[in-house]
Amino acid sequence: MNISITKTTSPKTIPTENLGFGQHFTDHMFLMDYDRATGWSNARIVPFDRISMHPAATVFHYGSEVFEGLKAYRREDGKVQLFRPYENAKRINSSAERIRLPLIDEEDFVAAIKALVEVDEKWVPSKFGESLYIRPFLFGNDETLGVHSIKKATFMIILSPSGSYYPEGINPVKIMIEKDDVRAVKGGTGYTKCGGNYAAANRAGENAEKKGYTQVLWLDGIYRKYIEEVGAMNVMFKINGEIVTPELSGSILPGITRKSCIEVLRSEGYKVSERLISIDELVEAMKNGTLEEAWGCGTAAVVSPIGKLYYDGTEYEVNNNQIGEVTQKLYDLLTGIQWGKLEDKFDWTIEI
Ligand code: PLP
Ligand code: COI
């Protein structure tokens, strides 16, 4: 893939304090166009700016959009590295396949990210806990209102220097278990990273926020009985000594952090079970004190302890609202690899 590069003539001031998440954007962005007749073309890095689109563009009306999220980390030696970008390449194609958007060559996907991060390299923060969040996204761009398969699409990447996703940082978050709305069902799009999944989550998310909870924990869409995942992260529990996480059922996102946490924990000798976890089992464990730890994991959220869980009128406290031993260890090991403080024995990182 040949990428043309046009550099900005008016670089912005790079923010260094109070980064938050997804609020600042770098000087450049990547774009590439798809036409069913000719395939992908015009790969380009251009100054970051608004884009002009036809009001009938498919994405505005029928939600044909998928995205990814990964990060570039600055190591202590000053070099910059990516964490498992080929996993994101595979997943965007799995999402695109479901929504019927065009697939992207995995090597091109990673090459585009590398090229853009290289151009905006000085935007990668150097404080531990901060990183350059990378947001690749792909959308249908036909200029017609007919509901039909996509003929034109656009792939873009934008970059955002970010700190922690939750204002709580590494402090425990409060999560509300949702009883009414569901996010996804088997056979639907739950396993994809498509924008529509997040739109479907908005109402419950807003209700949770109004009650003082950070995010929603979803139950399955058929029985409203089995634990699925949290709004922007997968979820893990330590119940009576056993580390458990919901199995990949087709309705939850196969998180790259989830997969990495399982591998890290197993390599440390912990047994991790991927299985069905019913809300009854969880409530019982919260009542009798055998829920020892709970945490979420995701690219943006990293490893985030859950200190309070609300379900059906009752708020339960987990581990006295403190980060648990396994959660802390997992956080240290995973972030150690991501920020290059620990040896990457899994070969997960790719230097830019
Ligand atoms: N589940 C949902 C709904 C998410 O949005 C995310 C974030 O990407 C995750 C799980 C975690 O996935 P990953 O670890 O690949 O970032
Ligand atoms: C990520 O963790 O990369 C995500 O995409 C979560 C997002 C909804 C903020």
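(A) Looking closely at the site of ligand 2. Ligand 2 sits among Phe21, Phe67, Gly69, Tyr133, Arg135, Tyr165, Lys193, Tyr198, Ala232, Thr299 and Ala300. Residue Tyr133 places a side-chain N or O atom 2.6 Å away from an oxygen atom belonging to ligand 2. In the model, an oxygen atom of ligand 2 is placed 3.4 Å from a nitrogen or oxygen of the Arg135 side chain. The protein chains hide 90% of the 290 Å² of surface that ligand 2 would expose on its own. For ligand 2, the cavity whose grid points lie within 2 Å of the majority of its atoms is the largest pocket. Classifying every residue of the shell around ligand 2 gives seven nonpolar, two polar and two charged. No fewer than three residues from each of domain 1 (4-164) and domain 2 (173-338) sit in the shell around ligand 2.

(B) Structural view of the layout of surface pockets. Taken as a whole, the largest pocket spans an internal volume of roughly 830 Å³. Lining the largest pocket are 39 residues, and of these Tyr165, Tyr198, Gln215, Gly231 and Ala232 sit closest to its centre. At the level of elements, strand 7 (131-140), strand 8 (152-162), helix 4 (195-210), strand 10 (215-219), helix 5 (256-267) and strand 15 (291-298) are the ones that each hand at least two residues to the lining of the largest pocket. Looking at the lining of the largest pocket element by element, the count peaks at seven residues for helix 4. Taken together, the residues of the lining of the largest pocket sort by class into 17 nonpolar, 14 polar and eight charged.

(C) Seen up close, unusual backbone geometry. The backbone of Asn18 shows a phi angle near 45 degrees, a positive value even though the residue is not glycine. Among the secondary structure elements, Asn18 is positioned in the loop between strand 1 (4-5) and strand 2 (28-35). With relative accessibility at 71%, the residue Asn18 sits in the exposed group. Of note in this structure, Asp347 is not a glycine but carries a positive phi near 65 degrees. Within the element layout of this structure, Asp347 appears in the loop between helix 7 (325-338) and strand 18 (349-351).

(D) Up close: the pairing of strand 17 (residues 314-317). In terms of strand pairing, strand 16 (residues 302-311) meets strand 17 through four bridges, oriented antiparallel. The residue of strand 17 that forms the bridge with Lys308 is Glu317. The antiparallel hairpin formed by strand 16 and strand 17 contains two residues in its connecting segment, where Asp312 sits at a positive phi of about 50 degrees.

(E) Looking closely at the site of ligand 1. Among the 17 residues in the neighbourhood of ligand 1, the closest are listed as Arg91, Tyr198, Glu229, Thr257 and Thr299. Contact between ligand 1 and Lys193: an oxygen atom at 2.7 Å from a side-chain N or O atom of the residue. Taking a 2 Å distance to the grid points as the criterion, the majority of the atoms of ligand 1 fall inside the largest pocket. Within the residue set of the shell around ligand 1, elements represented by two or more residues are strand 11 (227-230), helix 5 and strand 15. Here the residues of the shell around ligand 1 sort into seven nonpolar, six polar and four charged.

The rules we used
- Residues numbered from 1 in each chain as written.
- Chains lettered and ligands numbered in written order.
- Predicted model: local features only at pLDDT ≥ 70, side-chain atom pairs only at ≥ 80, totals over all residues.
- Heavy atoms only, no water.
- Near = heavy atom within 4 Å.
- Polar contact = N/O pair within 3.5 Å; in protein donor to acceptor, adjacent residues only side chain to side chain.
- Areas by Shrake-Rupley, 256 points an atom, 1.4 Å probe, with all protein chains shown as cover.
- 1 Å grid on protein atoms, 1.4 Å probe; cavity = no way out; pocket = protein on both sides within 12 Å on 5 of 7 lines; lining within 4 Å.
- Sits in = over half its atoms within 2 Å of the grid points.
- Nonpolar A, V, L, I, M, F, W, Y, C, P; charged D, E, K, R; others polar.
- Domains from an automatic or database assignment.
- Points joined across faces, edges and corners; volume = space filled by probe spheres on them.
- Helix = DSSP H or I, 4+ residues; strand = E, 2+ residues; numbered from the N terminus.
- Buried < 20%, exposed > 50% of the residue type's maximum accessible area, 1.4 Å probe, protein only.
- Pairing = 2+ DSSP bridges.

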